[in-house]
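For reference, the chains in residue letters:
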Amino acid sequence: MEPQNTAAQNYDLKEQIRTYWSKRSESFDTSPGHAIENNSEFDAWRALFLDIWADNGHADYKGFHVLDLACGTGEISRVFLSLEAIVTGVDFSEATLERAKRKHVQATALGQWVWRAG
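Rules used in this analysis
Residues numbered from 1 in each chain as written. Predicted model: local features only at pLDDT ≥ 70, side-chain atom pairs only at ≥ 80, totals over all residues. Heavy atoms only, no water. Core = buried A, V, L, I, M, F, W, Y, C linked by side-chain atoms within 4.5 Å. Buried < 20%, exposed > 50% of the residue type's maximum accessible area, 1.4 Å probe, protein only. Helix = DSSP H or I, 4+ residues; strand = E, 2+ residues; numbered from the N terminus. Contact = heavy atoms within 4.5 Å. Arc of directions from axis to C-beta.

**Considerations on the nonpolar core**
Here comes step 1: In terms of nonpolar packing, the biggest core is built from 15 residues, with Phe49, Tyr61, Val66, Phe80, Ala85, Val87 and Trp113 touching the most fellow members.
Here comes step 2: Counting only elements with at least two residues in this core, the list comes to helix H2 (39-55) and helix H3 (75-82).
Here comes step 3: Discounting chain neighbours no more than four positions away, the residues touching alanine 85 are Tyr61, Gly63, Phe64, Val66, Phe80 and Gln112.

Next comes the structure, spelled out in structure tokens:
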């Protein structure tokens, strides 16, 4: 039995994952539970993050740097941006990052939101 090339297997899996999420990027926000669609849900997310932050002794997120790993189309980034955080969104799929960039044009122009493909 030949030993399997783990690096090649990992690369193949990585590309399969990237391909899957890239294909899903255009319809992701229209899937149930994937977009923060109304004010009450958005406010609940804001309250959750503010409560967590307050539990750690902070009053607000203004000027703090937040890393949004696997940011996808940028929904959670949007909540942090509303709290005046400086957000770095990182995602494996460049297609989902493109959707997030379109959502956050103004924040990007202000230097409040940056992205990285990874």
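Once the structure has been displayed, the description carries forward.
**Let's talk about H3**
Here comes step 1: Within H3 the residues assigned to the buried category are Glu75, Ser77, Val79, Phe80 and Leu81.
Here comes step 2: Those residues of H3 that are buried lie in contact with H2, strand E1 (65-69), strand E2 (86-91), helix H4 (94-103), helix H5 (105-109) and strand E3 (113-117).
Here comes step 3: Within two residues after H3, glutamate 84 carries a phi angle of roughly 70°, on the positive side.

**Some points on H4**
Here comes step 1: For H4, the complete set of buried residues consists of Thr96, Leu97, Arg99 and Ala100. Buried residues along H4 cover an arc of 155° about the axis, so they all sit on one side.

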